[in-house]
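So the chains spell out like this:
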Amino acid sequence: MENNKMRILAVDDNIINLATIEQELKDKYEVVTVNSGARAIRFLNKEKPDLILLDVQMALMDGIETLKEIRTMEGGALIPVIMLTSKKDRETVIEGTKLGIMDYVLKPFDSQDLHARIDRALKKVGVLPVEDKELYENVKDVQTELQGGSLRNALLKMEEILSFKIDEEIFGRIQNAKARLRANDEKTAERLINRVMKMLERTVATETEAKFPISAGEMNARLLYVLNDLQNFKVKEASQKLEDLMRYDIPEAVGKICASAQERLDEFDDEAAEELIQKALAEMKNNLI
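Let me begin by describing the structure that accompanies this report.

Thresholds applied
Residues numbered from 1 in each chain as written. Predicted model: local features only at pLDDT ≥ 70, side-chain atom pairs only at ≥ 80, totals over all residues. Heavy atoms only, no water. Helix = DSSP H or I, 4+ residues; strand = E, 2+ residues; numbered from the N terminus. Buried < 20%, exposed > 50% of the residue type's maximum accessible area, 1.4 Å probe, protein only. Arc of directions from axis to C-beta. Axes fitted to C-alpha atoms, helices over the stretch in contact; angles between N-to-C directions. Parallel < 35°, antiparallel > 145°, perpendicular 65-115°, else oblique. Left-handed = near helix turned anticlockwise from the far one by under 90°. Contact = heavy atoms within 4.5 Å. Expected span 1.5 Å × (residues − 1). Polar contact = N/O pair within 3.5 Å; in protein donor to acceptor, adjacent residues only side chain to side chain. Pairing = 2+ DSSP bridges. Right-handed = clockwise from strand over helix to strand, strands pointing away. Core = buried A, V, L, I, M, F, W, Y, C linked by side-chain atoms within 4.5 Å.

In this model, Lys-107 is joined to Pro-108 through a cis peptide bond whose omega is -5 degrees. Relative to the elements of secondary structure, Pro-108 occurs in the loop between strand E5 (103-106) and helix H5 (111-124). Positive phi, close to 65 degrees, is recorded for Leu-60, a residue that is not glycine. Summarising the element assignment, Leu-60 is placed in the loop between strand E3 (51-55) and helix H3 (63-72). Leu-60 gets classed as exposed once you look at its relative accessible area, which sits at 91%. Notably, Phe-233 is not glycine yet its phi reads approximately 60 degrees, a positive angle. Residue class for Phe-233 comes out exposed when judged on its relative accessible area of 68%.

Those residues of helix H11 (residues 235-245) that sit buried are Ala-238, Ser-239, Leu-242 and Leu-245. Projected down its long axis, H11 shows its buried positions confined to an angular sector of 125 degrees, all on one face.

A separate point is the packing of helix H2 (residues 37-46) against H3. At a minimum axis distance of 9 Å, the contact between H2 and H3 shows a crossing angle of 15 degrees. By the angle between their axes, H2 is roughly parallel relative to H3. Judged by the sense of rotation from one axis to the other, the crossing of H2 with H3 is right-handed. Contacts between H2 and H3 involve Gly-37, Ala-40, Ile-41 and Leu-44 on the former and, on the latter, Thr-66, Glu-69 and Ile-70.

All right, on to H5 then. Within an α-helix, residues lying three or four positions from one another point in the same direction, as the helix has 3.6 residues per turn. Relative to the 20 Å expected for 14 residues at 1.5 Å per residue, H5 spans 20 Å between its end C-alpha atoms, a close match to the ideal helical length. Among the residues of H5, Leu-114, His-115, Ile-118, Asp-119, Ala-121, Leu-122, Lys-123 and Lys-124 are the ones counted as buried. N-capping of H5 is provided by Asp-110, with a side-chain oxygen placed 3.2 Å from the backbone N of Gln-112. Gly-126 lies just past H5 and shows a positive phi near 80 degrees.

Before going further, it helps to spend a moment on the pairing of strand E1 (residues 7-11). Of all five residues in E1, five are buried; the element is thus mostly enclosed. Burial along E1 is two-sided: the residues Arg-7, Leu-9 and Val-11 and Ile-8 and Ala-10 are all buried. When E1 meets strand E2 (residues 30-34), the two strands line up parallel, connected through five bridges. Looking at E2, one finds that Leu-9 is bridged to Val-32. In terms of handedness, the path from E1 via helix H1 (residues 15-25) over to E2 forms a crossover that is right-handed. Bridge analysis of E1 against E3 gives four bridges, and the strand direction is parallel. By the bridge assignment, Val-11 is partnered in E3 with Leu-54.

Here the focus is the nonpolar core. Among the nonpolar cores identified, the biggest contains 25 residues, and Leu-135, Val-139, Met-158, Ile-166, Ile-170, Ile-174 and Ile-193 are the most heavily contacted of them. Mapped by element, the contributors of at least two residues to this core are helix H6 (132-147), helix H7 (151-162), helix H8 (168-182) and helix H9 (186-208). Of all the elements, H9 adds the most residues to this core, at eight residues. When residues no more than four places from it in sequence are discounted, the contact partners of Val-139 are Ile-161, Ile-174, Ile-193, Val-196, Met-197 and Leu-200. In this structure, Ile-214, Val-226, Leu-230 and Met-284 belong to the second largest nonpolar core, which totals 22 residues.

All right, on to the pairing of E5 then. Residues of E5 alternate between two faces, with Asp-103 and Val-105 buried on one and Tyr-104 and Leu-106 left unburied on the opposite face. As judged from the four bridges shared by strand E4 (residues 81-85) and E5, these two strands associate in the parallel manner. Within E5, the residue paired with Thr-85 across the bridge is Leu-106.

Structure follows, in structure tokens:
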């Protein structure tokens, strides 16, 4: 049977630690264990894991020396590394950060914490996707910090989000919000974050709500009602009708156009929204021909 598990290389000169790591992670990952930095280098000359758990305090070749060697290897600079240490050694953490470690874990480690840190590291390099619901919760935290006036915390949380591989448009908006906050423009920063929240709210709702079936004729009629509202300057009514329509199982292309129209309405650009609804109607017509 083909093994589709991601591979983690665990490096520690203590065999009990290695056995504990393997036991904790084996259900989710393929775990390869080696008991020295030299053996890790030999393994990496032949194979490339998805992530390395690297102990700091090892005899002969310690974690920092091993990491320096890894970073000079072909492809070694791209492998995410989490360091394992029995004490919070500031100098070691700084040295490891210079060498591009993703994180560090204090021993004896908590199982849930270890899994969370591995998960976060893999998301930062794009090996694992950041789910929309998780991203939504993270952005919601930023929004809460801004509303509470905790600007430093909001900046830190934005930087954490921006370290992940996320949708380019959302990344750009959060990057812009961060720049505005650094420029002491709190209102614009909060407005941009609120905008991202609205975008994600629609996506999360789409993923979690059951989709109702809808015929092409009814879909077309609903779009015409939206268009009629827009032509009569009934923006609020049009926006509500669009929101209702998005709960149905509509074609992906039409759904994207409607989502864009909803965004234009949120920005009070009803003229652009009207053009997009016309486009959605044309898309429906093309599909029916």
